[in-house]
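# Results of the structural survey
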Amino acid sequence: TGCLAAIYPAFRLSTFKIVNAVKGKLPPLGEGHFIRKTLLCFQITIAAFVLISSVVIAQQLAFLQDYDLGYNKESILVISSVPREWNAQGLSKIETARTDFSDDKGVLNASVSYEVPDGNAGNRFKFKSEDNIPVDMPLLNVDEHFAQTFGIDVIAGNFFHDKHGVYVANRIVLNEQAARNFGWTPESAIGKQVRYDGNEQPLTVAGVVNNFHFSSLFQSMTPLSMVHINDKFSYRYLSMQINPEEKTAIVERLKSKWAVLFPTAPFDYAFMEDKVNHFYADEDRLYKSSKVASVITVMLTMSGMVAFMSISLARRIKEIGIRKVHGAASVDLILLLIKDFSWQFMIGGILASVLAYYFLTNWLNSFTYHVGLSPYTFASILLAILTTLTVFVVVYSLNVIRMNPVRSLRYE
């Protein structure tokens, strides 16, 4: 790009007559005028396109971070290095550890599960209701504290035996979408039985929870089911809701306790917020790139305006002097200079808006849930660019406008 940018002025300068070049005389006013305006229009188009895109990408990322996922992702610490002793003794050991960690004053709730809401739903099965209505959905393995730990609302029945007695085998919890797909309301689903491929034992619906996003917002809400870890003795994660005001101290205490309970296992953990943000790592990189691109394009546009205004002022010094002699006010002269780039701005703004609308619409449509494209966003960016260019023109041209008309008329 630098080489291409240098070729045009090099060829233009090489065509100047030596005598005129020595005297500092410029070619006639109209020569190269169209190309200069075209290049400035191109720069304004690219700058406006990148700035609009950067703002919309930032709005979408903020929307993703603030969107209600149906569960609480804040201050949820997930330990992934849980020893996998998938038998009754191993499960009893990890449940005891869960109780020990819950005794820490900074731990509000704790849960053992095979899955957490990170998009890895594990196994999918084809379920059938008593009326042979089929529903294809993931089957999660969780304990009775999963809903409370992740802040998932139980809208009907119970979440297994949480706060209601002891473990009962062959119970299942559905989300609201799954209950609707079976043709039930959340209340009527309680006590109904379902079966899934590979398991002939019927499962009784113990509860229905609100819909929550197990995967990213690229995907729509889907049916979801959960069985208790005691049914299969399988688990991978120990999740804890901790006090957000003292994260560092709590993690250090948990790490020390982990070393005592599981001396041979590493303490590998992550926060649920980071797991969710990982869904949008590409979009985050795109936003960071767009911010850098915005700075570069603004700098290039301003440098283009420097070149444009330098040539315009150099060619119009005498004209400005004559107009001042005839009584033209400074405001009139500034408006005259602003008029020089007004058409480039209008054309560039329209082109940038069309391009941004096309590309951003396609990008946003890759998300099932996304912000809308507001005309106010486009208008505010274009207004900001126009204001910046106008201020630049005013400041850059003040020395020439304030110049004594006698000096202007004697200018070579």
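Above: the structure in question.
Residues numbered from 1 in each chain as written. Predicted model: local features only at pLDDT ≥ 70, side-chain atom pairs only at ≥ 80, totals over all residues. Heavy atoms only, no water.

Take the overall build of the protein next. The secondary structure content of the protein amounts to 13 helices and 11 strands. Scored against the burial criterion, the 412 residues of the protein give a buried share of 43%. Here the analysis covers contacts within the protein between residues at least 6 apart in sequence; of these, 81% occur between residues at least 24 apart. Here the protein displays about 21,300 Å² of accessible surface, and carbon together with sulfur accounts for 59% of that area. (Helix = DSSP H or I, 4+ residues; strand = E, 2+ residues; numbered from the N terminus. Buried < 20%, exposed > 50% of the residue type's maximum accessible area, 1.4 Å probe, protein only. Contact = heavy atoms within 4.5 Å. Areas by Shrake-Rupley, 256 points an atom, 1.4 Å probe, with all protein chains shown as cover.)

Along the polypeptide, G119 turns up in the loop between β2 (107-113) and β3 (124-129). Residues G119 and F214 lie 95 residues apart in sequence; the distance between their C-alpha atoms is 5.6 Å.

This next bit is on the packing of aromatic side chains. A full pass over the atoms with the stated rule returns 21 aromatic pairs. When the centroid spacing of 4.6 Å and the interplanar angle of 45° are considered together, the rings of W258 and F262 count as tilted. Each member of the pair, W258 as well as F262, is classed as buried. Taking the centre distance of 5.2 Å and the plane angle of 80° together, the rings of Y358 and F359 count as edge-to-face. Overall, Y358 belongs to the exposed group, its relative accessible area being 52%. Taking the relative accessible area as the measure of exposure, F359 reaches 44% and is therefore partly exposed. Three or more aromatic residues joined by ring pairs form one cluster here, namely F101, W258, F262, F267, Y269 and F271. Positioned above the aromatic ring of Y114, the side-chain terminus of R236 is 4.1 Å from the ring centre. Positioned above the aromatic ring of F271, the side-chain terminus of K247 is 4.6 Å from the ring centre. (Phe/Tyr/Trp six-rings, centres within 6.5 Å; stacked < 30°, edge-to-face > 60°. Lys NZ or Arg CZ within 6 Å of the ring centre and 35° of its normal.)

A separate point is the nonpolar core. Counting residues in hydrophobic clusters, the biggest one holds 55 residues, and the most contacted among them are F159 and M226. Looking at this core, the elements with two or more residues in it are α3 (33-66), β1 (76-79), β4 (134-142), α5 (146-150), α9 (272-278), α10 (281-325), α11 (330-364) and α12 (375-401). If one sorts the elements of this core by residue count, α11 sits on top with 10 residues. In this structure F159 touches V142, D143, E144, F146, A147, V154, V173, V209 and M226, once residues within four positions along its chain are discounted. Counting 23 residues, the second largest nonpolar core, distinct from the first, contains L77, I79, W258 and F262. (Core = buried A, V, L, I, M, F, W, Y, C linked by side-chain atoms within 4.5 Å.)

A word on the pattern of salt bridges. The final tally for this structure, using the stated rule, is 10 salt bridges. In this structure, the salt-bridge partner of E176 is R180, at a minimum N-O distance of 3.2 Å. With E176 and R180 both in helix α6 (residues 176-181) and four residues apart, this pair spans about one turn of that helix. Judged by its relative accessible area of 23%, E176 falls in the partly exposed class. Here R180 falls in the partly exposed class, since its relative accessible area comes to 43%. The structure contains a network of salt bridges with shared partners spanning R98, D143 and E144. (Salt bridge = Lys/Arg side-chain N within 4 Å of Asp/Glu carboxyl O.)

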